[in-house]
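Listed below, chain by chain, are the residues.
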Amino acid sequence: MRELLSRYRFLLLAIILLLATVILYSYNLRQKTATTFFERAVLTFSAPFQGGIDGVVDTITATWDNYLWLVNTQQRNLLLEEENLELRFKLQQSQEISLQNERLRMLLAFVDELDRPALPAQVIGEDASNWARTIIIDKGIAAGLRNGLPVVAAQGVVGRIIKIAPNSARVLLITDASSAIATLVQRTRTRGITRGRGGNLSVDYALRDADIQEGDLLVTSGMGGVFPKGLPLALVESVEKDQFSLFQRVEAKPTVDFSYLEEVMVIVGEDP
Amino acid sequence: MRGFFLFMFAGAFFALLQSSLLPLLLPPNWRPNLILILILYLGLSENLSRALIAGLLLGAIQDSFCGPSLGLYISVYLIIILATRLLSDQLNIESPPLLLLLIAGGTLLQNFLIGFYLTIFADAAPVLHILLPAIPQQLLTNIIFATALLFMLLRFQRLFGYRSGLAGLMYQSKHHGS
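Criteria and thresholds
- Residues numbered from 1 in each chain as written.
- Chains lettered and ligands numbered in written order.
- Predicted model: local features only at pLDDT ≥ 70, side-chain atom pairs only at ≥ 80, totals over all residues.
- Helix = DSSP H or I, 4+ residues; strand = E, 2+ residues; numbered from the N terminus.
- Buried ≥ 20, exposed ≤ 12 C-beta atoms within 10 Å, placed from the backbone.
- Contact = placed C-beta atoms within 7 Å.
- Pairing = 2+ DSSP bridges.
- Axes fitted to C-alpha atoms, helices over the stretch in contact; angles between N-to-C directions.
- Parallel < 35°, antiparallel > 145°, perpendicular 65-115°, else oblique.
- Left-handed = near helix turned anticlockwise from the far one by under 90°.
- Nonpolar A, V, L, I, M, F, W, Y, C, P; charged D, E, K, R; others polar.
- Domains from an automatic or database assignment.
- Expected span 1.5 Å × (residues − 1).
- pLDDT = per-residue confidence, 0-100.

### Here we look at the overall build of chain B
Move 1: A count of helical and extended segments in chain B gives 7 helices and 0 strands.
Move 2: Put simply, chain B runs from its N terminus to its C terminus through helices and strands in the order α-α-α-α-α-α-α.
Move 3: By residue count, 46% of the 178 residues in chain B fall in the buried class.
Move 4: Of the contacts made within chain B by residues no fewer than 6 positions apart, 65% connect residues no fewer than 24 positions apart.

Here's what the structure looks like:
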C-alpha cells in the first residue's frame with residue numbers, strides 16, 4: 001500500500017489539489033458578494049500603491065500636457081473657444097427644456113426621479129486580466145459603502161460593488177460577462193436582460209415581436225433591487241430577428257465610455 | 001526560501017502593474033499576463049512542492065485583482081504548473097525558443113481553462129466572446145513580454161551570479177526536481 005502511495009504520489013497530490021481548488025472556486029461562486037479575508041487583505045494593502053501609481057501617472061501626464069507638449073495649444077484654444085460658445089448655447093437650451101420638464105412633471109404629478117444620496121469616488125485601478133471587466137475605486141467600508149451598491153457616472157450606469165475593503169472597493173462593470181441587469185427600452189418599455197460582452201452589451205429575452213429600433217435608449221427597470229429605475233444604460237446598436245427564434249438578437253453600446261472613466265458616484269441610499 | 005519570496009514579491013508587483021499602470025498604456029487585449037509568465041517559469045525552475053505553494057498563492061493574488069470570484073486562477077495556475085512539470089521532464093528547458101513556445105502553450109491553456117471554468121461553473125458563457133478574439137493579441141503580447149523578461153533575467157544572472165538566490169534556468173536545470 002505504502003509502495004503504491006509512494007509510486008503514485010504525484011498523481012494523487014495533483015488530483016487532491018485540483019479537486020480542492022475546484023471546490024474552493026465553486027464555493028466562492030456561491031458567495032459572490034462576500035469578500036474573503038485574503039481578498040480584503042490584498043485590496044487593503046494594494047490600494048495605497050494603486051493610488052500612488054495613479055497619482056504619479058497623473059502628475060507626469062499633467063506636467064507633460066501643461067508645460068511640455070504645447071505644440072497645438074493655440075489651435076486648440078481657438079477650437080475650445082468655439083466649442084465654448086456652442087456649449088453655452090446648448091446649456092441655455094437645456095435649461096429651457098429642464099424648466100419645461102419641471103412644469104410638465106408638476107402638471108402630470110409624475111414622480112419618477114432618483115432621490116438618493118450618492119458618494120463620489122475615484123477610479124484607482126482596473127482588472128488585471130483581459131477577459132474580466134472590473135475597476136477599483138478609492139472608497140470602501142470606511143466611507144459607508146457595502147457590497148451590492150450601484151455605481152454610476154454622469155452618462156449612466158457603471159456597475160455594482162462586488163468586493164469591499166476598508167478604503168477601496170471592486171466594481172463589476174456592466175460590460176463584464178457575468179453581469180446581468182434587468183432593463184427597459186425607454187421608448188416602448190420592452191423588457192429584457194442586458195448582459196456584458198466585453199466592449200458592448202447584448203439584450204437577452206427581448207421578445208421577437210417587441211418594438212426595438214437602433215438608437216433606442218435602454219434604462220434600468222428597477223427589478224432586482226440593485227439599480228434604481230430609469231438610469232440610462234446603453235444605446236441599441238443593432239437588432240436582428242431570426243425566422244424561427246422566440247427572441248430577437250439585440251446589441252447595445254454602453255452610454256458610459258469605460259476607457260475614460262476617472263470619477264464615479266456610488267449610490268448609497270435606499271429607495272425612498 | 002529567498003527565491004520563494006522573490007517570486008511572491010514579483011507576483012504582487014506584476015499584479016499591481018497589471019491593474020494600475022498597464023491599463024493606462026495598453027488596451028485590454030494587448031495587456032500581457034505577467035503572472036502567467038512567472039507561473040510558467042516557476043513550474044520549470046522550482047521544485048514541485050515550492051512551485052505548487054507559490055503557484056497557489058500567486059493564483060490567489062491574481063484572483064484578488066481580477067474577476068468576481070476567488071479560486072479561478074488558483075485552479076487554473078495549479079493545472080498549468082502540473083502540466084509544465086510533466087512537460088519539463090521531456091523537454092530541453094534551457095532552449096529559449098522552446099521556452100517561448102511554452103509561453104504560447106501556457107497562454108492557450110490558460111484561455112481554454114478560464115473559458116471552460118466560467119462557462120461550466122459560473123454560467124458566464126458570453127466570456128467566450130471576449131476571450132476568443134483576444135487570443136492572437138494575447139499570444140503576441142505574452143511572447144514579447146516574456147522575451148523581454150527572459151533577456152532581463154539572463155542579464156541579472158550574469159550580474160549577480162548564478163547562486164545569488166535568483167532562480168535561473170541555467171543554475172536550476174542542474175537541480176531540477178530536487
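That shown, we press on.
### Focus on the sheet that holds strand β5 (residues 169–173) of chain A
Residues and elements named next belong to chain A.
Move 1: Spatially, 6 strands are ordered β1-β2-β5-β4-β3-β12 in a closed barrel, and the strand pairing comes out antiparallel. Strand-to-strand, the axes of this sheet are offset by a mean angle of 45 degrees, without reference to chain direction.
Move 2: By the bridge criterion, 5 bridges tie strand β4 (residues 156–164) to β5 in an arrangement that is antiparallel. Residue I161 lies in a different strand from β5, and its bridge partner there is V171.

### A few points about the interface of chain A and chain B
Move 1: Chain A puts 40 residues into the contact, and the matching count from chain B is 42 residues.
Move 2: Mapped onto the side of chain A that touches chain B, the elements with two or more residues apiece are α2 (9–30), α3 (37–68), β1 (118–126), β2 (134–137) and β7 (191–197) of chain A.

### Digging into the packing of helix α3 (residues 48–65) of chain B against helix α4 (residues 72–88) of chain B
Residues and elements named next belong to chain B.
Move 1: Two elements in contact, α3 and α4, have axes whose closest approach is 7 Å; the angle formed by their N-to-C orientations is 150 degrees. The angle between α3 and α4 places the two elements in the roughly antiparallel class. The chirality of how α3 crosses α4 is right-handed. Of the residues in α4, those in contact with L48, A51, L52, G55, L56, L58, G59, A60, Q62 and D63 of α3 are L72, Y73, I74, V76, Y77, L78, I81 and R85.
Move 2: When its residues are assigned to classes, the contact of α3 with α4 shows 13 nonpolar, 3 polar and 2 charged.

### What about the domain arrangement of chain A?
Move 1: On domain assignment, one finds that chain A holds domain 1 (39–58 + 116–272) and domain 2 (71–111).
Move 2: Between the C-alpha centres of domain 1 of chain A and domain 2 of chain A the distance comes to 26 Å.

### Observations regarding the environment of G59 of chain B
Residues and elements named next belong to chain B.
Move 1: Relative to the assigned elements, G59 resides in helix α3.
Move 2: Classification of G59 as buried rests on a count of 25 C-beta atoms within 10 Å.
Move 3: The sequence separation of G59 and Y73 amounts to 14 residues, and the corresponding C-alpha distance is 4.7 Å.
Move 4: Among residues more than four places away in sequence, those in contact with G59 are Y73, I74, V76, Y77 and L78.

### A look at the sheet that holds strand β8 (residues 200–204) of chain A
Backbone-to-backbone hydrogen bonds pair the strands of a sheet. The strands run either parallel or antiparallel.
Residues and elements named next belong to chain A.
Move 1: In spatial order, the strands read β6-β7-β8-β11-β10-β9; together these 6 strands close into a barrel with antiparallel pairing. Direction aside, neighbouring strands of the sheet carry axes that sit 45 degrees apart on average.
Move 2: Looking at chain direction, strand β6 (residues 180–185) and strand β9 (residues 217–220) are connected through 3 bridges and run antiparallel. Within β9, the position partnered with L184 by the bridge is V219.

### Concerning the environment of G269 of chain A
Residues and elements named next belong to chain A.
Move 1: Tracing the backbone through its elements, the reader meets G269 in the segment after β12 (263–267).
Move 2: Taking the C-alpha atoms as reference points, G269 and P166, separated by 103 residues in sequence, lie 19 Å from one another.
Move 3: When neighbours within four sequence positions are excluded, G269 is seen to be in contact with R116 and P117.

### Thoughts on α4 of chain B
Move 1: Relative to the 24 Å expected for 17 residues at 1.5 Å per residue, α4 of chain B spans 24 Å between its end C-alpha atoms, a close match to the ideal helical length.
Move 2: Of all 17 residues making up α4 of chain B, 12 are buried, and the element is well covered by its neighbours.
Move 3: Within α4 of chain B, the full set of buried residues consists of L72, Y73, I74, S75, V76, Y77, L78, I80, I81, L82, T84 and R85 of chain B.
Move 4: Where α4 of chain B is buried, its residues contact α2 of chain A together with α2 (34–45), α3 and α5 (96–120) of chain B.

### With respect to unusual backbone geometry
All names here are of chain A.
Move 1: One non-glycine residue, R189, lies in positive phi territory at about 65 degrees.
Move 2: With respect to the secondary-structure elements, R189 resides in the loop between β6 and β7.
Move 3: Notably, Y205 is not glycine yet its phi reads approximately 60 degrees, a positive angle.
Move 4: Looking at where Y205 falls in the secondary structure, it is placed in the loop between β8 and β9.

### Overview of the confidence of the model for chain B
Residue and element names in this part refer to chain B.
Move 1: Mean pLDDT over chain B works out to 82, with 88% of the residues at or above the 70 mark.
Move 2: Across chain B, the element-wise mean pLDDT spans from 46 in helix α7 (residues 169–172) up to 90 in α4.
Move 3: The low-confidence segment residues 163–168 (pLDDT under 50) makes 16 contacts with residues lying over four places distant or belonging to another chain.
Move 4: This stretch, residues 170–178, has a pLDDT under 50; its non-local contacts, to residues over four places away or in other chains, come to 11 contacts.
Move 5: Of the two predicted TM-score estimates for the complex, the pTM is 0.73 and the ipTM is 0.74.

### Description of the pairing of β2 of chain A
Residues and elements named next belong to chain A.
Move 1: The alternating pattern of β2 places T134 and I136 on one face and I135 and I137 on the opposite face, and all of these are buried.
Move 2: With 3 bridges connecting them, β1 and β2 associate as antiparallel partners. From the neighbouring strand, V123 faces β2, where its bridge partner is I137.
Move 3: Pairing geometry for β2 and β5, over 4 bridges, is antiparallel. Note that in β5 the partner of T134 across the bridge is L172.

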